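Observations on the three-dimensional arrangement
This is what each chain is made of:
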Amino acid sequence: MRSMMRMNLVTLLAIVLILLTGTVEAKTRMSDEDASQIMDNLGPVDPLAAADELSVGWRHLDAIQVLETYTDTSDSESLWRIARSRIDFAELMSDQEAAEPHFLLAIDEAERILANEPDNPEAHRRIATASGRVALLRGPFSAIGLVKDTYRHALQAAALGDSLPAASYILGRTHRTLMEKSGIIRRLAGLSFAAEDSIAYYFTQALTVAKGNMIQAHVEFADHLINDKDEIDEGRAHIEAALELPLKDEHDAEAQQKARDLLSGL
């Protein structure tokens, strides 16, 4: 009995250490051993927390497995997490055409939440993210409906969940992408809501909510600013801020490389 209690305490301590080190920042993908600890020990006890930790550790398929094994997948708290991990996994696929069905499935999962909870900010956020990804794959002006969905759901997510900087970031990127086309093309496509001043507004909002800790927002905002010679200094400040931050998202390393490229071109 004592040996079993000792083993359980050791296991619990290992999980606590993983949680303490994993929730702050993730510079690398969680190891197989740590992921197994989370799945086998925390998963049955608190699958939602386990899924969150696996997500932080970039173990997206493992997070889905835990949720599908230990939760009611019709529950909104499970569904938006499944959609989150499905999107995160699809974003990293080398064949983005093959990734499209994963994005579409995530949209379907999030829409199932909204059928019962129309004001769920996490569901709106996942639809905005997945719709934006599919729109980029198909071409924004070939997928106008998806662009509108991206914008509408991102607005809802930002309004309903003021702690969701990603929603504001999506809005900033949407305005920036659409403003690359002429006003005539935007009007003909029914996308005349895009505005130049909204780019800075939403990137600034994203960084404010994130307390500056959002590498990709710094980089995208900097890329926008340095096109104006009067804004180069501000753009440089955002590049430097991005390079000083620790990695959290799996795309942060790529964003930091873009930041270094932008800096070398100034």
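Here is what the cut-offs are and how they apply
Residues numbered from 1 in each chain as written. Predicted model: local features only at pLDDT ≥ 70, side-chain atom pairs only at ≥ 80, totals over all residues. Heavy atoms only, no water. Helix = DSSP H or I, 4+ residues; strand = E, 2+ residues; numbered from the N terminus. Buried < 20%, exposed > 50% of the residue type's maximum accessible area, 1.4 Å probe, protein only. Contact = heavy atoms within 4.5 Å. Areas by Shrake-Rupley, 256 points an atom, 1.4 Å probe, with all protein chains shown as cover. Phe/Tyr/Trp six-rings, centres within 6.5 Å; stacked < 30°, edge-to-face > 60°. 1 Å grid on protein atoms, 1.4 Å probe; cavity = no way out; pocket = protein on both sides within 12 Å on 5 of 7 lines; lining within 4 Å. Points joined across faces, edges and corners; volume = space filled by probe spheres on them. Nonpolar A, V, L, I, M, F, W, Y, C, P; charged D, E, K, R; others polar.

The secondary structure content of the protein chain amounts to 14 helices and 0 strands. For the protein chain, the sequential pattern of α-helices and β-strands runs α-α-α-α-α-α-α-α-α-α-α-α-α-α. In the protein chain, which comprises 266 residues, the share counted as buried stands at 46%. When contacts within the protein chain are restricted to residue pairs at least 6 apart in sequence, those whose partners lie at least 24 apart make up 56%. Counting only carbon and sulfur atoms, one obtains 52% of the accessible surface of the protein chain, whose full area is about 13600 Å².

Taken as a whole and judged by the stated rule, the model has 4 aromatic pairs. For the pair Y151 and F193, a centre-to-centre distance of 3.9 Å together with 20° between the ring planes defines the contact as stacked. Residue Y151 is located in helix α8 (residues 144–160), and its partner F193 is located in the loop between α10 (183–188) and α11 (196–209); the two are separated by 42 residues in the primary sequence. Residue classification places F193 among the partly exposed residues on the basis of a relative accessible area of 25%. Pairing Y201 with Y202 gives two aromatic rings, centres 4.9 Å apart and planes at 80°, and the pair type is edge-to-face. Judged by its relative accessible area of 11%, Y202 is buried.

For the rest of this paragraph, the subject is the layout of surface pockets. The calculated volume of the largest pocket comes to roughly 1500 Å³. Contributing to the lining of the largest pocket are 50 residues, with R125, A166, M214, Q216 and D249 lying nearest its centre. Counting residues per element, the lining of the largest pocket draws most heavily on helix α7 (residues 121–138), which supplies 9 residues. Tallied by class, residues from the lining of the largest pocket come to 22 nonpolar, 12 polar and 16 charged. Looking at the second largest pocket, its volume works out to about 240 Å³. Residue lining of the second largest pocket: E91, R133, Y169, R173, Q216, V219, E220, H251, E254, A255 and K258, and that is the complete set. Of all the secondary structure elements, the ones that give two or more residues to the lining of the second largest pocket are α9 (165–178), α12 (215–225) and α14 (252–264). A class-by-class count of the residues in the lining of the second largest pocket yields 3 nonpolar, 2 polar and 6 charged.

Glancing now at α12. Burial of α12 is extensive: 11 of the 11 residues sit out of reach of the surface. Residues of α12 that are buried include every one of I215, Q216, A217, H218, V219, E220, F221, A222, D223, H224 and L225, and no others. Along its buried surface, α12 packs onto α9, α11, α13 (232–244) and α14.

This part is about the environment of A195. Tracing the backbone shows A195 in the loop between α10 and α11. It is 9.9 Å that separates the C-alpha atoms of A195 and G172, two residues lying 23 residues apart in sequence. Those residues in contact with A195 that lie beyond four places of it in its chain are H175 and M179.

Turning our eyes to something else, we now look at unusual backbone geometry. Positive phi, close to 65°, is recorded for W58, a residue that is not glycine. With respect to the secondary-structure elements, W58 resides in the loop between α3 (47–56) and α4 (60–70). Accessibility expressed as a relative area gives 10% for W58, which makes it buried. The backbone phi angle of K211 is positive, close to 55°, even though this residue is not glycine. In this fold, K211 is placed in the loop between α11 and α12. Of the residues examined, K211 reaches a relative accessible area of 77% and is grouped as exposed.

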